[in-house]
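Structural overview
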Amino acid sequence: MPNFSQFEIFLKKYFSEAISPSQLEQFRLAYGAYLEWNEKINVISRKDIENLAERHFLHSLAIAKRLRFLPGTRILDAGTGGGFPGIPLAILFPEAKFHLVDSRQKKITVVRNIVQAARLDNVQYSVQRIEQLTEQYDFVVSRAVAAMEKFLPWVKKRIHCRSRHPVRNGILYLRGGEIEAEMNALGKQAGQWSLTPLYAWFDEEFFDSKYLLEVSFC
């Protein structure tokens, strides 16, 4: 069974100055709730649940190595699945506002229960298709939901350009694979984009083939 102490080691290694005791307790509560709920609704594969700390919690927090969300920032987690990257980021940035969306009811059932267990008051969630949304946000975050030729049109109009951050408002997308070739193939449709390999921030082997894709149309 995965142990929360492994995630504590990651937090101390990579985020020691950013974590308060109350946030650490929220991470602990969320971690335990994931283990409990994954037995009921399989949002993480039985094999991969052993890597909950590294491949889900820490992976989600890679976005925080690039950008610290200011108070009041509105973030859409598009296709959140079981709550990644939205829930770990919501714990780390309690004054930002997160909207976690997925089209599958069972995924949002897990999200709702994790949010309640971790006592998060800065997260809303809904069962919706991304392309049906009408609200606007500062940033869209996601983890490998769809090919970029589909994903970008879904979320492009959901981002406003009134930026308050050193990074332009836009998309912060975690994934692996041949993302550079995929973006180049889109040409001007891809907006302004850049890639950061996650091994720039994390030492673990898992991150050697993972990237943070930033896209802005502003």
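Residues numbered from 1 in each chain as written. Predicted model: local features only at pLDDT ≥ 70, side-chain atom pairs only at ≥ 80, totals over all residues. Heavy atoms only, no water.

A few words on the overall build of the protein chain. The helix and strand inventory of the protein chain stands at eight helices and seven strands. In terms of overall dimensions, the protein chain is globule-like: its C-alpha atoms have a radius of gyration of 16 Å, near the 17 Å expected for 218 residues. The principal-axis extents of the C-alpha atoms in the protein chain amount to approximately 45 × 35 × 35 Å. In the protein chain, which comprises 218 residues, the share counted as buried stands at 56%. When contacts within the protein chain are restricted to residue pairs at least 6 apart in sequence, those whose partners lie at least 24 apart make up 71%. The centroid of the 29 positive side-chain charges in the protein chain is displaced by 6 Å from the centroid of its 24 negative side-chain charges. (Helix = DSSP H or I, 4+ residues; strand = E, 2+ residues; numbered from the N terminus. Rg over C-alpha atoms; globule rule 2.2 N^0.38 Å. Buried < 20%, exposed > 50% of the residue type's maximum accessible area, 1.4 Å probe, protein only. Contact = heavy atoms within 4.5 Å. Lys, Arg positive; Asp, Glu negative; His and termini not counted. Charge placed at Lys NZ, Arg CZ, Asp CG, Glu CD.)

Another aspect to go through is unusual backbone geometry. Geometrically, the link from Phe84 to Pro85 is a cis peptide bond, its omega value of 10° lying close to zero. For Pro85, the position within the fold is in the loop between strand E1 (74-78) and helix H5 (86-92). Residue Arg119 is not a glycine yet carries a positive backbone phi of 60°. Take Arg119: it is sitting in the loop between helix H6 (105-117) and strand E3 (123-127).

Our next topic: the state of the cysteines. Tallied over the full model, the rule gives one disulfide. Two residues, Cys161 and Cys218, share a disulfide whose sulfurs are 2.2 Å apart. Disulfide Cys161-Cys218: torsion about the S-S bond near -85°, hence left-handed. Placement of the pair is Cys161 in the loop between helix H7 (148-155) and strand E5 (170-176) and Cys218 in the segment after strand E7 (210-216), with a sequence separation of 57 residues. Residue classification places Cys161 among the partly exposed positions, given a relative accessible area of 47%. (Disulfide = S-S within 2.5 Å.)

Counting 58 residues, the largest nonpolar core has Phe7, Phe15, Phe69 and Phe98 as the members making the most contacts within it. When residues of this core are assigned to their parent elements, the largest contribution, seven residues, is made by helix H2 (residues 21-38). Beyond its immediate chain neighbours, meaning those up to four positions away, Phe7 contacts Phe27, Tyr31, Ala53, Phe57, Leu58 and Leu61. Ranked by size, the runner-up nonpolar core spans 20 residues in total, among them Val155, Ile159, Ile171 and Tyr173. (Core = buried A, V, L, I, M, F, W, Y, C linked by side-chain atoms within 4.5 Å.)

Okay, H6 next. Owing to its 3.6 residues per turn, the α-helix brings residues three or four apart onto one side. An ideal rise of 1.5 Å per residue puts 18 Å on 13 residues; H6 measures up with 18 Å between its terminal C-alpha atoms. Of all the residues in H6, the buried ones are Lys107, Ile108, Thr109, Val110, Val111, Asn113, Ile114 and Val115. The inward-facing, buried residues of H6 contact H2, H5, strand E2 (97-102) and E3. One or two steps after H6, the chain reaches Arg119, where phi turns positive at roughly 60°. (Expected span 1.5 Å × (residues − 1).)

Turning next to the packing of aromatic side chains. All chains considered together, the criterion is met by 16 aromatic pairs. Ring centres 5.1 Å apart and planes at 65° place the aromatic pair Phe7 and Phe27 in the edge-to-face group. In this pair, Phe7 is assigned in helix H1 (residues 4-14) and Phe27 in helix H2, connecting sequence segments 20 residues apart. Judged by relative accessible area, which is 0%, Phe7 ranks as buried. Geometrically, the ring pair formed by Phe57 and Phe84 is edge-to-face, given 5.6 Å between the ring centres and 70° between the ring planes. Of the two residues, Phe57 sits in helix H3 (residues 52-60) while Phe84 sits in the loop between E1 and H5, which places them 27 residues apart along the sequence. Neither residue differs from the other here; Phe57 and Phe84 are each classed as buried. Sitting over the face of the ring of Phe206, Lys210 holds its NZ or CZ atom 4.3 Å from the ring centroid. (Phe/Tyr/Trp six-rings, centres within 6.5 Å; stacked < 30°, edge-to-face > 60°. Lys NZ or Arg CZ within 6 Å of the ring centre and 35° of its normal.)

Tracing the sequence through the fold places Ala147 in the loop between strand E4 (139-143) and H7. Sequence separation between Ala147 and Glu182 is 35 residues; the distance between their C-alpha atoms is 8.1 Å.

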